[in-house]
Amino acid sequence: MLRYIGRRLLEAIPVMLVIITGTFFMQRFVPGGPFTAEKAVTPEVERNLEAYYHLNDPLWKQYVDYLWDLTPKRFHPLALTQGFDLKEAFGIDFRPSFKYPNRTVNEIIADKLPVSLELGLLSLGVALAIGLPLGILAAVKRNSWIDYICSSVAMTGICVPTFVLGPILVLVFAIHLGWFNASGWYGPIDRVLPSLTLGSVYAAYIARLTRGGFLEVLHQDYIRTARAKGASEARVIFRHALRGGLLPVVSFLGPAVAGILTGSFVIETIFQIPGLGREFVNSAFNRDYTLILGTVILYAGFIIALNLVVDVVQVWMNPKLKFE
Amino acid sequence: MMSRPCRFRAAVLAAAIGGALLGSGCRRAPAAAAAPVRQVLRFGNSAEPQDLDPQNIQGITELNIVLALFDSLVEMDPHDLHPVPGQAESWEISPDGLTYTFHLRPNLRWSNGEPLTADDFIQSYRRILTPSFAAEYAYLIYYYVQGAKEYYEGTLADFSRVGFHAPDARTLVVSLKQPTPFLLKIIACHYVWDAVPVKTIARFGPVGQKGSHWTRAGNLVGSGPFLLTEWIPNQRIVVARNPYYWDAGQVKLDGIEFYPIDDQNVEERMFRTGQLDLTFDFLPNKLDTYRRDHPDELRIDPWLGIYYYNLNVTQPPFNDPRVRRAFALAIDREALVKDVMRGGQVPAYAASYPGTSGYVPRARLAGGVAEARRLLAEAGFPGGRGLPPIELLYNTNVAYNRAMAEAIQAMWRQNLGAAVTLTTQEWKVYLDSMQTGHYQIARAGWIADYADPHVFLEIYGTGNGNNYTRWSNPEYDRLLDRALHAPDEAARYEIYQQMDAILVRECPVIPLFYYTKTYAISPKVQGWWPTLLDEHPYKYVYLKN
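Residues numbered from 1 in each chain as written. Chains lettered and ligands numbered in written order. Predicted model: local features only at pLDDT ≥ 70, side-chain atom pairs only at ≥ 80, totals over all residues.

Draft legend 1. Representation of the overall build of chain B within the structure. Helices and strands together make up the secondary structure of chain B, namely 18 helices and 18 strands. Here the C-alpha atoms of chain B give a radius of gyration of 25 Å, agreeing with the 24 Å that 2.2 N^0.38 yields for 545 residues. Expressed as lengths along the three principal axes of its C-alpha atoms, the size of chain B is roughly 75 × 70 × 40 Å. Here chain B holds 545 residues, and the buried ones make up 48% of them. (Helix = DSSP H or I, 4+ residues; strand = E, 2+ residues; numbered from the N terminus. Rg over C-alpha atoms; globule rule 2.2 N^0.38 Å. Buried ≥ 20, exposed ≤ 12 C-beta atoms within 10 Å, placed from the backbone.)

Draft legend 2. Structural view of the overall build of chain A. Along the backbone of chain A there are 14 helices and zero strands. Listing the helices and strands of chain A from first to last along the sequence gives α-α-α-α-α-α-α-α-α-α-α-α-α-α. Structurally, chain A occupies a C-alpha span of about 85 × 55 × 35 Å along its principal axes. Residue burial in chain A is summarised as follows: out of 324 residues, 37% are buried. In chain A, once contacts between residues fewer than 6 apart in sequence are set aside, the share between residues at least 24 apart is 69%. (Contact = placed C-beta atoms within 7 Å.)

Draft legend 3. Inspection of unusual backbone geometry at higher detail. Along the chain, Pro316 of chain B connects to Pro317 of chain B via a cis peptide bond; the corresponding omega equals 5°. Note on placement: Pro317 of chain B falls in the loop between strand E11 (298-311) and helix H11 (321-329). The phi dihedral of Arg95 of chain A falls on the positive side, at around 75°, and the residue is not glycine. Position of Arg95 of chain A relative to the elements: it lies in the loop between helix H4 (86-90) and helix H5 (105-140). One non-glycine residue, Ala134 of chain B, lies in the positive phi region at around 50°. Within the fold, Ala134 of chain B resides in the loop between helix H4 (118-129) and helix H5 (139-142).

Draft legend 4. Structural detail: the nonpolar core. By size, the foremost hydrophobic cluster in this structure holds 214 residues, and its most contacted members are Leu69, Leu129 and Ile141 of chain B. Ranked by residues supplied to this core, first place goes to helix H8 (residues 192-218) of chain A with 11 residues. Shared between two domains, this core holds at least three residues of each, these being domain 1 (42-250 + 521-543) and domain 2 (302-518) of chain B. With residues near it in sequence (within four places) discarded, Leu129 of chain B still touches Ala138, Ile141, Tyr142, Ala148, Tyr151, Tyr152 and Val162 of chain B. Ranked by size, the runner-up nonpolar core spans 13 residues in total, among them Phe94, Ile109, Tyr289 and Leu293 of chain A. (Core = buried A, V, L, I, M, F, W, Y, C linked by C-beta atoms within 7 Å. Domains from an automatic or database assignment.)

Draft legend 5. Quick peek at the pairing of strand E9 (residues 236-241) of chain B. All names here are of chain B. By the bridge criterion, six bridges tie strand E8 (residues 226-232) to E9 in an arrangement that is antiparallel. Counted as the bridge partner of Ile232 is Arg236 from E9. Counting the residues between successive antiparallel strands, the hairpin from E8 to E9 contains three residues, one of them, Asn234, with a positive phi of roughly 65°. Across four bridges, the pairing between E9 and strand E10 (residues 255-259) is antiparallel. Bridge pairing in E10 places Val238 opposite Glu257. (Pairing = 2+ DSSP bridges.)

Draft legend 6. Examining the confidence of the model for chain B more closely. All names here are of chain B. Of the residues in chain B, 94% have a pLDDT of 70 or more, and the chain-wide mean is 90. Across residues 1-33 the pLDDT falls below 50, and counting only partners more than four positions away or on other chains, this stretch makes 33 contacts in the model. Here the predicted complex scores 0.88 on pTM and 0.85 on ipTM. (pLDDT = per-residue confidence, 0-100.)

Draft legend 7. A look at the domain arrangement of chain B. Residues and elements named next belong to chain B. In terms of domains, chain B is made up of domain 1 (42-250 + 521-543) and domain 2 (302-518). The distance between the C-alpha centroids of domain 1 and domain 2 comes to 33 Å. If you look at the interface, domain 1 gives 14 residues, while domain 2 gives 14 residues. By residue class, the composition of the side of domain 1 that touches domain 2 is nine nonpolar, three polar and two charged. (Nonpolar A, V, L, I, M, F, W, Y, C, P; charged D, E, K, R; others polar.)

Draft legend 8. Up close: the sheet that holds strand E6 (residues 164-168) of chain B. All names here are of chain B. Here four strands make up an open sheet; going across it, the order is E4-E5-E7-E6 and the pairing antiparallel. Of all strands in the sheet, those bounded by a partner on one side alone are strand E4 (88-93) and E6. Across this sheet, the average inter-strand angle for adjacent strands is 20°, counted without regard to direction. (Axes fitted to C-alpha atoms, helices over the stretch in contact; angles between N-to-C directions.)

Draft legend 9. Representation of the sheet that holds strand E13 (residues 390-395) of chain B. All names here are of chain B. Read from one edge to the other, the open sheet built from six strands follows the order E12-E16-E11-E15-E13-E14, with strand pairing classed as mixed. Either end of the sheet is taken by a strand with one partner, and the two such strands are strand E12 (346-347) and strand E14 (420-425). Relative to strand E16 (residues 509-520), E11 is paired through 10 bridges, and the arrangement is antiparallel. Residue Ile306 lies in a different strand from E16, and its bridge partner there is Tyr514. Sheet contacts for helix H15 (residues 427-435): E11, E13, E14 and strand E15 (441-447); angle to E13, the most-contacted strand, approximately 135°.

Draft legend 10. Seen up close, the confidence of the model for chain A. Averaged over every residue, the pLDDT of chain A is 87; the share at 70 or more is 99%. Within chain A, no element has a lower average pLDDT than helix H10 (residues 233-245) of chain A, which sits at 81, and none a higher one than helix H3 (residues 59-70) of chain A, at 92.

Draft legend 11. Here's a closer look at the interface of chain B and chain A. Counting residues at the interface gives 46 residues for chain B and 41 residues for chain A. Of all the elements in the fold, those that place two or more residues in the side of chain B that touches chain A are helix H1 (4-15), helix H2 (17-21), helix H6 (148-153), helix H9 (264-272) and H15 of chain B. Top element by residues in the side of chain B that touches chain A is H15 of chain B. It accounts for six residues. Taken together, the residues of the side of chain B that touches chain A sort by class into 21 nonpolar, 16 polar and nine charged.

Draft legend 12. Quick look at the environment of Leu457 of chain B. Residue and element names in this part refer to chain B. Checked against the element boundaries, Leu457 lands in helix H16 (residues 454-457). Judged by C-beta crowding, with 23 C-beta atoms within 10 Å, Leu457 ranks as buried. Considering only alpha carbons, one finds Leu457 and Leu480, 23 residues apart in sequence, at a separation of 7.8 Å. Once residues lying within four places of it in the same chain are set aside, the contact partners of Leu457 are Ser352, Leu480, Tyr496 and Met499.

Draft legend 13. Inspection of helix H13 (residues 276-286) of chain A at higher detail. Those residues of H13 of chain A not exposed but buried are Leu276, Gly277, Arg278, Glu279, Phe280, Ser283 and Asn286 of chain A. Buried residues along H13 of chain A sit in contact with H5, helix H12 (265-270) and helix H14 (289-317) of chain A.

Dropping the structure here:
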């Protein structure tokens, strides 16, 4: 298994390189730059700005310099616990942001990632707490009115976008009932509405996948065997069917968790949450070259790592699979 | 807290979400009756500021905060923004208009208690003009001050030869390269002329480096009525009274909280729940509701800016002034303002804003559709026949751009027989197209940095970086220069009248409407007068019980 993980990690290096190279050059070929503004920058100012940010160097040199800044130069993973600074821990320097010159991209990630992680984990908790029971219940009581209700709730959750659900929750619980702030991220109570909104969408997917996975497993011979041996319904479901039934959910959760952890632009905008999702999207609009690259690299790293985790977990859960 | 019947009703409504969506009378938790109002203004401020270094920022968002943290030589009158004494208690202007001598107040201090002297101004101007610092707004100094442009371009190394001198700690002398009759207005309205605490900045790294940590909460030293106490990126910025401000007795608020909210829907919801006293902007689709139900919370102020279309005069058919004028005349501006914009905007028939520091342009686009048709026929396109394909470019990030473009497209088709197609581009792509001349007609807007008619007229000068039309007129350029040397304001304004007349005749741009600033404001906010630049000196603002 360790060899498998090692090989996958080595494979990740060229993948990351392709992503970095693609992003680096694509953003440079898009019209407009970080200093393009409605009021034109005078030629003298533009010259000085380009010199300040080394944008007047040949593009290949800028690329090589950037790659060098990204290359890990030390290994102190414990430093991550003190403020999540990738420069302190590994010597990875994402450079200062163009849009926010007094913050480095490392700092922005260190500030915003924990917020997105918190929101992501809470939403994931909501999603699992709602999605799993709904899905299992629907599968066990399939084609009954319980199944229809569970499936309808799940379908509605998938169909109602967060930018509709979020404002409705705010309208009811913040404006009419006055229980919560309309938006903001100040106290624990401000976590409730965003987590519910983001979690409910994932809950819907999880419910549907769980139902599908369980239905397939419940038809398997080994379940029939378990029932024939007189196992109780609860034992059949939780002892025998659960592991196999959750496989589709697990493979869905890999990329979903990557997405949920790196922040959601819509939720962060609706609730004014200082997370990474908004930085990710706005950096592209601002042509904030360093912030675009920093967030893309982080996101790519998450997806690669979580896909690996999912593959490992699947082998562990499914006896039919093997590492190779 | 919410009253009991109100909460009961709300609970019933929650039980039926559909019912709740239709709206209930229980709108906002009323404040506890007897407690005095906390003198803290909560201000929706659109976006996260780039920085709080007055020499390293550009936007309105940043301006709103910096206005609280830094004072200027000359301050703005809170009603009409005319220059009034600020850090300088008085000043003299030499008869030739080239030398300004400012006399600083004796009790000026930075917010850390250190004295603020004329040398602080000199060091600040040296910093903003340092070439390697690459300050984007430096041109508001180097256009006017002797030797400043040479220093900024690196051809002059000796800063003592730039037109700033401090004969003593309380006197600052500024020498200009040409008369600049609106200089005091720039200083009053624009942070670029503010002094920054260079000694403090030096403690956080090289003075001429962007983004050092001196602007963080706890580090920032300012000179304004307030000082920075908290800055959580994308959450809020909090300022509190500065005891060292020279006019601290006048300051009524205990503090201001700035919230960077970039979504108007969110802002309006926060206003409704009482999280904000003041919004940055306002949703056009809620205007009617507020006008009907809460007129006391809705404000529509005039705003010194114009919405217009640029015409690329280097390409046919708009290389012909008759075609340009025909397109400008064939638009029903009253209908645009009344039916499309609906926010109290004023139709624009000239390029200058009427009433900028007392200047009202006499020139006016007149003649209507009949004249437009005649001009188009005279140019060789009777009834629009023979016109080449025409494209109108606008940016996507402002919702009403599209509605405006569609309405105008229909007017041109109906009134001129001209078929115009619409193209939309993302903000920076659109700016790039416009700045590199890859367009025929492009939507544009101009918001003034300071309140003087010069600000609208200078952009059409030959070679001005903001003249995306590429229109050039020697007579116009001559007048622009002559205006600076006019003996007095009346004479200067008379020259501007001639310039506006040329613009109306030649039509390099099609003026459409003058902006308004629309926002929601709690009735308890006092001292927030409508000003043309939407700048509100905070020391006069307070909250009513």
